[in-house]
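Report on the structure
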Amino acid sequence: MLELYLIRHGIAAAPESYETDEERPLTDEGTQKTKKMAKRLSQLKLHFDLILTSPLVRARQTALILQTAGLSSQVEESDYLGFDGDIYNWLPWLETWHQGGGSCLALVGHEPNLGNWAETLVWGSPRGSLILKKAGVIGLTLPETGSPVGHSYLFWLVPPRLLL
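We now turn to the structure provided with this report.

What counts and what doesn't
Residues numbered from 1 in each chain as written. Predicted model: local features only at pLDDT ≥ 70, side-chain atom pairs only at ≥ 80, totals over all residues. Heavy atoms only, no water. Salt bridge = Lys/Arg side-chain N within 4 Å of Asp/Glu carboxyl O. Buried < 20%, exposed > 50% of the residue type's maximum accessible area, 1.4 Å probe, protein only. Helix = DSSP H or I, 4+ residues; strand = E, 2+ residues; numbered from the N terminus. Axes fitted to C-alpha atoms, helices over the stretch in contact; angles between N-to-C directions. Parallel < 35°, antiparallel > 145°, perpendicular 65-115°, else oblique. Left-handed = near helix turned anticlockwise from the far one by under 90°. Contact = heavy atoms within 4.5 Å. Pairing = 2+ DSSP bridges.

**Quick look at the pattern of salt bridges**
Scanning the entire structure with this criterion turns up 4 salt bridges. Here Arg-24 ties to Asp-21 by a salt bridge, and the two come within 2.6 Å at their closest N and O atoms. Among the residues examined, Arg-24 registers a relative accessible area of 12% and is labelled buried. Across the salt bridge formed by Glu-29 and Lys-33, the nearest N and O atoms sit 3.0 Å from each other. One end of the pair is Glu-29 and the other is Lys-33, both in helix H1 (residues 28-43) and 4 residues apart, which spans about a single turn.

**Details of the packing of helix H3 (residues 87-99) against helix H4 (residues 113-123)**
H4 packs onto H3 with a crossing angle of 70° between their chain directions and a minimal axis gap of 11 Å. Relative to H4, the element H3 is oriented roughly perpendicular. Our pair here, H3 against H4, has a crossing hand that is right-handed. Here H3 contributes Ile-87, Tyr-88, Trp-90 and Leu-91 to the contact with H4, which in turn contributes Trp-117, Thr-120 and Leu-121.

**Thoughts on the sheet that holds strand S3 (residues 75-77)**
Read from one edge to the other, the open sheet built from 6 strands follows the order S3-S2-S4-S1-S5-S6, with strand pairing classed as mixed. The open sheet has two edge strands, S3 and strand S6 (153-158), and neither has a second partner. Averaged over all pairs of adjacent strands, the angle between strand axes in this sheet comes to 20°, irrespective of strand direction. For strand S1 (residues 2-8) and strand S4 (residues 104-109), the ladder comprises 6 bridges, and the chain directions are parallel. Bridge pairing in S4 links Ile-7 to Val-108. Packing of H3 onto the sheet brings it into contact with S1, strand S2 (50-53), S4 and strand S5 (137-142), and relative to S4 it is tilted by some 150°. Lying over the sheet, H4 contacts S1, S4, S5 and S6, oriented at roughly 155° with respect to S1.

Here you go:
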């Protein structure tokens, strides 16, 4: 069994405060709420073999908070999780990673991508129905073999207020 957790970055600074959107960091409130969310996930005994994060500052900061909370010893950046990331380009990476022994993966990224990816994995295509709040978590179970597209199961959709 492969468990996949999709985690949206915490609350970030306003876009007009930064030259590019990629540079926006977490706010103090975003940092504190993300730390509380990470602590709660740790209390629930979650542990990821790897945290794969978008290269954008706010996502990297979120991933590092998760790592600091003891949720994983490994964090890697991936362009697949940027704004223009395509799930179909990412799936070969996932297959290789899983064949290498990985069984529990966290992705830290952005909306609408994470919601669309979850819908694609569960229903076969994005429907715009799953919206992941900042510092929220979606949990999916992916099949051991074969394509996960349309064959995965949603087992967890948690807004941050339930984790704080």
